[in-house]
Amino acid sequence: MEAANCSLRVKRPLLDPRFEGYKLSLEPLPCYQLELDAAVAEVKLRDDQYTLEHMHAFGMYNYLHCDAWYQDSVYYIDNLGRIMNLTVMLDTALGKPREVFRLPTDVTAYDNRLCASIHFTSPSWVTLSDGTGRLYVIGTGDRGNSPEKWEIMFNEELGNPFIIIHSISLLKAEEHSVAILLLRIEKEELDLKGSGFYVSLEWVVVTKKKEDSKKYEITKHHVLRGKSVPHYAAIEPNGNGLMIVSYKSFKVISGDQDLEENMDEDRPEKIKVEPLYYWQQSEDDLTVTVRLPESSTKEDIQIQFLPDNINIKLKDIQVLEGKLYSSIDHEGSTWTIKENDSLEISLIKKNEGLMWPELVVGDKQGELIRDPAQCAAIAERVMHLTSDELNPNPDKEKPPCNAQELEECDIFFEESSSLCRFDGNTLKTTHVVNLGSNQYLFSVIVDPKEMPCFCLRHDVDALLWQPHCSKQDDMWEHIATFNALGYVQASKRDKKFFACSPNYSYAALCECLRRVFIYRQPTPMSTVLYNRKEGRHVGQVAKQQVASLETNDPILGFQATNERLFVLTTKNLFLIKVNTEN
């Protein structure tokens, strides 16, 4: 079964075509600074981690982790191997971050290591990687109660170092499982193309099978491989699927089941299947040729032409049936039997000049025969667009394109990004969304019981999408819009982290050093305000605010909650009180 090509459905009522922009507000934002007992356990890239993928995965890693199950609770790992927590109740009574867990091994002794990563699986479970290749599954009890007691329930060496992308907790028939998504970047010596590195996504399931046994063990281990670090990757809450947003597609390499795709690749020779029909086209018509059994007569053939469909039967056997790529003149279309026992069908195009990429939508049984003269004409038509010289005609009055006229936000580097869903059992792709120029911006957990949301740029806006694994026909719901944010963020050259509050009241962006930009959603005005150009009453205003941190240390972590922004540097943790009214 082939993957269904889907699209994201935008909710028009959530768009604001009359949005006028953000008004800079000079209102001061309350900012609190906490000095850390020990520096953050930052791991810098080594000389052999030089690719863009290493930078995306590890160089831009967010060292501050937000516990989505408990509001305003953040964690980080320091260079003493301690997991430190800060839970905020009142800004006026801030205590120092407290230790909740300490890594059993001294990770600083390892030369080949990555940053330690942590993910909050459920209100009482946590998954942890120490950056050396060891995976921990930890039972924390109810983290809302203090003091917490973190207990290691599973730990195992899994090879090369990795980071944790996502994890979920599953309880089925008194059998508890934790599914974890790991990411590695590994070298393939035989790969002579590009850098020789590939990205490995590993879907590991750790299960406690018997109620009386406390031992957890790995029950599933699937591996997917790609050439780019995924922007977004998450396991569905029921464990039945995996969603990935990436620039380059991922393929299943291994799993617990024999996969047909891999079996096909291992065969030395694939049996070539003869096409059911051949077709060719001009700007005005199409010709379809179907081979007939010997001694076929006109009485054996039934053909029905409709404006958008075609139906061909041979002795009551269905040969071809389905929706045509475009409309035809069904009354002017004809068919005839040729001397070489072949059926020739002539279809007249309704839209002259439109070249069809396929005859019947989704049908792969035919083969397109290209006319050599037609190919030569197309090549001659586009020849002026290419040249062996860098600038073949610099004195031309009107150049076809001036790159200097483009703004930063008009340039998309990820034109072929796609959103794919993989089935949890077969690991085959079930849904594909071509994102085109809808640039990925960030992800956020709105409801910890659901999958993380992802934010994409649509024209100048930024749209937030919530995946719903239970809705097969409408898997991705448009839940919020950040007006003009796609345009605004493109002008921030030094941006490092992007986030929004779970209640969508604001979005925030921080640079590599010091500055944090906050973009509030439009809110009602307490005073009367008029648009001087149009003379109309303005009921709502969207504000932009800027916070400047009193430090020269680089920003290592950034998290947003409904009330606060948390900013982590090497030696300090900053709290910015964002919402005092919303």
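So, how was this worked out
Residue numbers run consecutively from 1 along every chain, following the written order of its sequence. Predicted model: local features are reported for residues with pLDDT of at least 70 only, side-chain atom pairs are reported and counted for 80 or more only, and whole-chain, interface and lining totals are derived from all residues. Values reported for side chains reflect all heavy atoms of the structure, with hydrogen atoms and water molecules removed beforehand. Only DSSP runs of H or I covering at least 4 residues are called helices, and only runs of E covering at least 2 are called strands; the numbering of each starts at the N terminus. Three exposure classes are used, based on accessible area relative to the maximum for each residue type with a 1.4 Å probe and protein chains only: buried under 20%, partly exposed in between, and exposed over 50%. Whether two residues are in contact is decided by their heavy atoms: any pair within 4.5 Å suffices. For accessible areas, the Shrake-Rupley method is used with a probe of radius 1.4 Å. Any residue's cover is judged against the shown protein chains and nothing else. Strands qualify as paired when DSSP identifies two bridges or more between them. Lines fitted to C-alpha atoms define the axes here, with helix axes fitted over just the stretch in contact, and angles between the N-to-C directions of these axes take values from 0 to 180 degrees. Note that the arc is computed from the directions linking the helix axis to the C-beta atoms. The disulfide definition used here is simple: a pair of cysteine sulfur atoms within 2.5 Å. Salt bridges are identified by distance alone: a Lys or Arg side-chain nitrogen within 4 Å of an Asp or Glu carboxyl oxygen. In this scheme, patches are assembled from residues that exceed 30% relative accessible area and form no salt bridge. Like charges are connected within 9 Å, while nonpolar side chains (Val, Leu, Ile, Met, Phe, Trp, Tyr) are connected within 5 Å. His is not counted, nor are the chain ends; Lys and Arg add positive charge and Asp and Glu add negative charge. For charged residues, the charge sits on one atom: NZ in Lys, CZ in Arg, CG in Asp, CD in Glu. A residue's pLDDT is simply how confident the predictor is in it, with values from 0 to 100. Centre distance within 6.5 Å is the pairing criterion for rings of Phe, Tyr and Trp, where only the six-membered ring of Trp is used; planes under 30 degrees apart are then read as stacked, over 60 as edge-to-face, and the remainder as tilted. Working rule: Lys NZ or Arg CZ, within 6 Å of ring centre, within 35 degrees of ring normal, means a charge sits over the ring.

The protein has the name NudC domain-containing protein 1 in an unreviewed UniProt entry, where Mus caroli is given as its organism.

> Is there a simple way to think about the overall build of the protein in this case?
A tally of helices and strands in the protein yields 4 helices and 40 strands. Within the span of the protein, comprising 582 residues, buried residues form 45% of the whole. Taking the contacts inside the protein whose residues are at least 6 apart along the sequence as the reference set, 57% of them involve residues at least 24 apart. Accessible surface, the protein: about 32,000 Å² in total, of which carbon and sulfur atoms supply 48%.

> Explain the sheet that holds strand 1 (residues 4-6) here, please?
Within a sheet, adjacent strands bond to each other through the backbone by hydrogen bonds, running parallel or antiparallel. Reading across from one edge, 1-28-27-17-16 is the order of the 5 strands in this open sheet, with mixed pairing throughout. Each edge of the open sheet is held by one strand with a lone partner, namely strand 1 and strand 16 (232-235). When strand polarity is set aside, the average angle formed by the axes of neighbouring strands in this sheet is 15 degrees.

> Explain the pairing of strand 34 (residues 506-511) to me, please; I cannot follow it from the model alone.
The side chains of a regular strand alternate, first on one face of the sheet and then on the other. With 6 of 6 residues buried, strand 34 lies mostly within the body of the structure. Side chains Y506, A508 and C510 of strand 34 all project onto a buried face; the interleaved residues A507, L509 and E511 project onto the opposite face, where all are buried too. Across 5 bridges, the pairing between strand 33 (residues 495-500) and strand 34 is antiparallel. Across the sheet, the residue bridging to F498 is L509, located in strand 34.

> For this particular structure, what's the right way to read helix 1 (residues 52-59)?
The periodicity of an α-helix, 3.6 residues per turn, causes residues three or four places apart in sequence to face the same way. If you check which residues of helix 1 are buried, you get E53, H54, A57 and F58. Take helix 1 and look down its axis: the buried residues cluster within an arc of 95 degrees, on one side only. Check the buried side of helix 1 and you find it contacts strand 12 (163-172), strand 13 (175-187) and strand 14 (197-208).

> It is not clear to me how the sheet that holds strand 38 (residues 555-560) should be interpreted in this structure. Could you clarify?
Pairing is antiparallel across the open sheet formed by 4 strands, whose spatial order is 3-40-39-38. Sheet topology places strand 3 (31-35) and strand 38 at the edges, where each strand pairs with a single neighbour. Neighbour to neighbour, the strand axes of the sheet diverge by 15 degrees on average, direction disregarded. Here strand 38 pairs with strand 39 (residues 564-569) via 5 bridges, running antiparallel. By the bridge assignment for strand 39, F558 is matched with V567.

> Can you help me understand the state of the cysteines in this one?
Every disulfide links exactly two cysteines, by a covalent bond between their sulfur atoms. Per the stated rule, a full pass over the model turns up 0 disulfides. Distance from the sulfur of C500, which forms no disulfide, to the nearest cysteine sulfur (C455) is 6.7 Å. In this structure C500 comes out as buried when scored by relative accessible area, which is 1%.

> When you look at the pattern of salt bridges in this model, what are you seeing that I'm missing?
Charged atoms that come close allow side chains of opposite charge to pair. In this structure the tally under the stated criterion is 12 salt bridges. Across the pair E157 and R134 runs a salt bridge, and its minimum N-O distance is 3.7 Å. Placement of E157 in strand 11 (residues 151-157) and of R134 in strand 10 (residues 134-139) is noted, with a sequence separation of 23 residues between them. Take E157: its relative accessible area is 38%, and that puts it in the partly exposed class. A salt bridge links E236 to R421, with the shortest nitrogen-to-oxygen separation between them at 2.6 Å. Of this pair, E236 sits in the loop between strand 16 and strand 17 (241-246) while R421 sits in strand 27 (residues 417-423), and the two are 185 residues apart along the sequence. Taking the relative accessible area as the measure of exposure, E236 reaches 1% and is therefore buried.

> Looking at this structure, how should I read a negative patch on the surface?
Negative charge collects at one region of the surface, where E283, D284, D285 and E352 lie side by side. The topology assignment puts D284 in the loop between strand 19 (277-281) and strand 20 (285-291). When its relative accessible area of 42% is taken as the criterion, D284 is described as partly exposed.

> Teacher, can you tell me more about the confidence of the model for the protein here?
The predicted coordinates ought not to be read in detail in places where the model reports low pLDDT. The share of residues in the protein with pLDDT of 70 or more is 83%, and the mean pLDDT across the chain is 83. Within the protein, strand 16 carries the highest mean pLDDT (95), whereas helix 2 (residues 260-266) carries the lowest (42). Taken as a whole, residues 255-271 scores under 50 in pLDDT and shows 17 contacts with residues more than four places along the chain or in a different chain.

> So what exactly am I meant to see when it comes to the packing of aromatic side chains here?
Ring pairs (aromatic) are described by centroid distance and by the angle formed between their planes. Taken as a whole and judged by the stated rule, the model has 11 aromatic pairs. On the basis of an interplanar angle of 90 degrees and a centroid distance of 5.4 Å, the ring pair of Y61 and Y63 is categorised as edge-to-face. Accessibility expressed as a relative area gives 7% for Y63, which makes it buried. Summarising the aromatic geometry, the rings of Y75 and W150 are spaced 5.9 Å apart at their centres and angled 40 degrees between planes, so their arrangement reads as tilted. With a gap of 75 residues between them, Y75 in strand 5 (residues 73-77) and W150 in the loop between strand 10 and strand 11 connect regions that are remote in the sequence. W150 sits in the buried class, given a relative accessible area of 9%. An aromatic cluster of three or more residues is present, and its members are Y75, F101, F120 and W150. Of note, K187 hangs over the ring of F197, and the distance from its end group to the ring centre comes to 4.6 Å. Across from the ring centre of F517, 4.7 Å away, lies the NZ or CZ of K492, which sits over that ring.

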